[in-house]
Amino acid sequence: MLGVVENHSLRHSKPRTAAFFDLDKTVIAKSSTLTFSKSFYQGGLINRRAVLRTAYAQFVFLAGGADHDQMERMREYLSALCRGWNVELVKELVAETLHDLIDPIIYDEAASLIEDHHIAGRDVVIVSTSGAEVVEPIGELLGADRVVATRMVVGDDGCFTGEVEYYAYGPTKAEAIRELAESEGYDLSRCYAYSDSATDLPMLEAVGHPHAVNPDRALRREALTRSWPILDFHRPVRLKQRIPGLSVPPRPALVAAAAIGAAAATAGIVWYASRRRSASAA
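Nothing here was measured: the structure is a model prediction, and the numbers come from that model.

Rules of the game
- Residues numbered from 1 in each chain as written.
- Predicted model: local features only at pLDDT ≥ 70, side-chain atom pairs only at ≥ 80, totals over all residues.
- Heavy atoms only, no water.
- Helix = DSSP H or I, 4+ residues; strand = E, 2+ residues; numbered from the N terminus.
- Buried < 20%, exposed > 50% of the residue type's maximum accessible area, 1.4 Å probe, protein only.
- Contact = heavy atoms within 4.5 Å.
- Pairing = 2+ DSSP bridges.
- Axes fitted to C-alpha atoms, helices over the stretch in contact; angles between N-to-C directions.
- Core = buried A, V, L, I, M, F, W, Y, C linked by side-chain atoms within 4.5 Å.
- Parallel < 35°, antiparallel > 145°, perpendicular 65-115°, else oblique.
- Left-handed = near helix turned anticlockwise from the far one by under 90°.
- Nonpolar A, V, L, I, M, F, W, Y, C, P; charged D, E, K, R; others polar.

It is worth spelling out the overall build of the chain at this point. Looking only at helices and strands, the chain features 13 helices and seven strands. Considering the chain as a whole, with its 282 residues, one finds that 53% of them fall into the buried category. Summarising the internal contacts of the chain: among those between residues at least 6 apart in sequence, 71% fall at separations of at least 24.

Printed below as a string of structure tokens:
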């Protein structure tokens, strides 16, 4: 027993560290959920009208995305949108098209950073507002150690009920990484975080080494004011093209959650935001 206690003490004598990555426009060049819209249409989850909305929504998202107030106003809409979706069908559709859709839009710079953090002995954690049926397999593709994502309640019939069980957004992301720091022994003052959005300021503020990646205007202002590094990622490259023969081993997603309505859900956020802008302009 004494040996076990001593080994435990030695294991925790040096605090562990991690690198926390937002996903959309930080690690990949597009919205993770919007990217699967065609797959969800072919699987019967959304109709043609929703596909057209997601195409426009992807454009708006890349141009600026939705701010905090717009995201909050859309939570009820998103919950209703994915009500009745079969969870296993969503997983199957994502698995079938993951490599074709996601592999080509992974930023080369982000993949290199993930590798560098692993070489340095840090865990890599993907922290995303999107749902885990989308985020978790992407995390495995990237070789992430853990995933934090939104989850919704699943009924006895295996379908989403439309109720949000956990919403990984804004301050909740910061709370999640603090809980991880407590359970995994991370020293947050030595940890890193990366995001493109000002809505992730709480997460960035929680670590000792925050970085703004392809930042929106609000985050760029904050980063300049606080002298945070600003990174420009612009080279999406297939993982296998970066290193011939590369096969990224899947890592366990220990903090995974179930989906928030997958592609059409995030589409609803941005489409609704664009409609509000149009109405205001009129």
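Read from one edge of the open sheet, seven strands run S4-S3-S2-S1-S5-S6-S7, paired in mixed fashion. With one partner strand each, in any of the chains shown, strand S4 (160-166) and strand S7 (230-231) form the two edges of the open sheet. In terms of strand pairing, strand S1 (residues 18-21) meets strand S5 (residues 192-195) through three bridges, oriented parallel. If you follow Phe-20 over to S5, its bridge partner there is Ala-193. Sitting on the sheet, helix H9 (residues 171-184) touches S1, strand S2 (123-131), strand S3 (146-154) and S4, and the angle it makes with S2 is about 150°.

Membership of the largest hydrophobic core comes to 41 residues, with the highest contact counts inside it found for Phe-21, Leu-23, Val-27, Ile-102, Ile-126 and Leu-142. Of all elements in the fold, only S1, helix H6 (87-102), helix H7 (108-119), S2, helix H8 (132-142), S3 and S5 reach the threshold of two or more residues within this core. Among all residues touching Phe-21, those that are not within four sequence positions of it are Val-27, Leu-113, Ile-114, His-117, Val-124, Val-125, Ile-126, Val-127 and Tyr-194. Ranked by size, the runner-up nonpolar core spans 25 residues in total, among them Val-125, Ala-176, Ala-193 and Leu-204.

Take the packing of H6 against H8 next. At a minimum axis separation of 9 Å, H6 and H8 run at an interaxial angle of 40°. Comparing their axes, H8 and H6 come out oblique. In the crossing of H6 with H8, the sense of the turn from one axis to the other is right-handed. Facing H6, whose interface residues are Val-87, Val-90, Lys-91, Val-94, Leu-98, His-99 and Ile-102, H8 presents Glu-133, Val-134, Pro-137, Ile-138 and Leu-141. When the residues that make up the contact of H6 with H8 are grouped by side-chain class, the tally is nine nonpolar, one polar and two charged.

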